[in-house]
Amino acid sequence: MSDATDATDATEAARATDATAVGIPSTGDPALAALAARAAELDAADDLGKLRERFTLPDGVVYLDGNSLGALPAGVPGRVADVVGREWGELLIRSWDESGWWTAPERIGDRIAPLVGAAAGQVVVGDSTSVNLFKALVGAARLAGPGRGELLVDATTFPTDGYIAQSAARMTGLRVVPVEPSAVPAALGPDTAAVLLNHVDYRTGRLHDLPALTAAVRAAGAVSVWDLCHSAGALPVDLDAHGVDLAVGCTYKYLNGGPGSPAYLYIAERHQAGFDSPLPGWNSHAEPFAMRPGYEPADGAVRGRVGTPDILSMLALEAALDAWDGVRIEDVRAKSLALTDFFLECVEAYVPAGRVELVTPRGHAERGSQISLRTDDAAAVMRELVARGVVGDFRSPDVLRFGFTPLYVGFADAERAARTLGHVYG
Ligand SMILES: Cc1ncc(COP(=O)(O)O)c(C=O)c1O
């Protein structure tokens, strides 16, 4: 395996070269049996290992796609059945009040808040990431005020963010400037109104330096907007501690909210009074049931709401968040790094030399919770892996992605996934 991203790190490069010399393993190779034994030891010593019982996973499958769609938390089906059968079926419209439906967006926001390092009252749940990004970017441009003409946008961003940024810029009279995240400090200036960055790159798994970049944006007098889709639930984000202005994220990846579960918007408390949403629906009104023709925004993160919340998905998400009870995100991060280190070690041992190239940075400070490997015929390789019970995904044109979700993935899973990948090439 060779490194695409950290070619300058001589120690790591030497390690990679040694590993590629291992070649195709024979099944009786004691070094490989040792990896399987190490996996068992690591799993036995893993305090988070028992959390897997909080999820329903199919037997015989190694699930490494929780960075795309998280697994099903065990409590969700029962809760959804209760919401549908009792809260909707029996209580009917009374549930908006009696079952707490109306306040679910801010209540569930407060459940997500500690996972992203936010004090209560700053996170509101609803809509998709794309829609929340639109609110955040237009809101950021309005917070920045007149006299600043540029919106800096992560040049490697997930596509929807780029599309939304273009439209938000058109609406607010800004000019989009694509910038590599590491080049943002040099690109900032008195004309910068806002900066949109991804915390972890969806394709490479690279972790960007949120504390330093946020500080640079603030020093330039601009507004920071972070997309946390690939970091929330995988590593500490510490939004409040680092002075982030606005952030968005989805809940269907590491937060396990289910397919299409609602996203969230973080509005730092100091910006809430000035946050001017471009989608001022009635749910964000100070007195929605007064039904007045004039708009008056509610206080707090509630002003990030738009229309009637999607209650079934939202309450499924609320039940899914029970899987986090008593879990410290720092422990999740430590296990994620150990898992991805171990997976890389196994890939180097099992996969024939030259067949895959590491795209994800090796350095812990630069890595999220996924490993991306570049290979020929990535789509076919992933199809073959899935057929053999190892589920990751592939991103066009040539990247295999393996997401490590420490709440339900163990070291034996990592070893089996790498061994299976080796067999696909063997
Ligand atoms: C970084 C990032 N942003 C945005 C999105 C899309 O969000 P949504 O479909 O919820 O609008 C994704 C989806 O995978 C993503 O990875």
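No experiment lies behind these values; they were computed from the predicted model shown.

A look at the UniProt feature "modified residue: N6-(pyridoxal phosphate)lysine" (unreviewed entry) in the protein chain
(1) Moving on: Per the UniProt annotation, the sites labelled "modified residue: N6-(pyridoxal phosphate)lysine" (unreviewed entry) are Lys253.
(2) Moving on: Mapped onto the fold, Lys253 is located in the loop between β10 (246–249) and β11 (264–267).
(3) Moving on: Residue classification places Lys253 among the buried residues on the basis of 27 C-beta atoms within 10 Å.
(4) Moving on: Those residues in contact with Lys253 that lie beyond four places of it in its chain are Gly66, Asn67, Ser68, Gly70, Cys229 and His230.

Structural notes on the site of the ligand
(1) Moving on: Close contacts around the ligand come from 13 residues, with Ser128, Thr129, Ser130, Phe158 and Cys229 the closest.
(2) Moving on: Elements with a contribution of two residues or more to the shell around the ligand: α6 (129–144) and α7 (159–172).
(3) Moving on: Class assignment of the residues belonging to the shell around the ligand gives a composition of five nonpolar, six polar and two charged.

Re the pairing of strand β13 (residues 370–374)
(1) Moving on: When you tally the buried positions in β13, you get four out of five residues, the bulk of the element.
(2) Moving on: Here two bridges tie strand β12 (residues 357–358) to β13, and the two strands are oriented antiparallel to one another. Its bridge partner lying in β13, Leu358 is registered against Leu373.
(3) Moving on: Alignment of β13 against strand β16 (residues 399–403), held across five bridges, turns out to be antiparallel. Opposite Ser372, over in β16, you have Arg401 as the bridge partner.

With respect to the packing of helix α3 (residues 76–88) against helix α11 (residues 311–320)
(1) Moving on: The interhelical angle for the contact between α3 and α11, taken along N-to-C directions, is 145 degrees, at an axis separation of 9 Å. For the crossing formed where α3 meets α11, the hand is right-handed. Mapping the contact onto sequence places Val76, Arg79, Val80 and Val83 in α3 and Leu312, Leu315, Ala316, Ala319 and Ala320 in α11.
(2) Moving on: For the contact of α3 with α11, a count of residues per class yields eight nonpolar, no polar and one charged.

Analysis parameters
Residues numbered from 1 in each chain as written. Predicted model: local features only at pLDDT ≥ 70, side-chain atom pairs only at ≥ 80, totals over all residues. UniProt positions renumbered as here; feature names shortened; annotations may be inferred. Helix = DSSP H or I, 4+ residues; strand = E, 2+ residues; numbered from the N terminus. Buried ≥ 20, exposed ≤ 12 C-beta atoms within 10 Å, placed from the backbone. Contact = placed C-beta atoms within 7 Å. Near = placed C-beta within 6 Å. Nonpolar A, V, L, I, M, F, W, Y, C, P; charged D, E, K, R; others polar. Pairing = 2+ DSSP bridges. Axes fitted to C-alpha atoms, helices over the stretch in contact; angles between N-to-C directions. Left-handed = near helix turned anticlockwise from the far one by under 90°.

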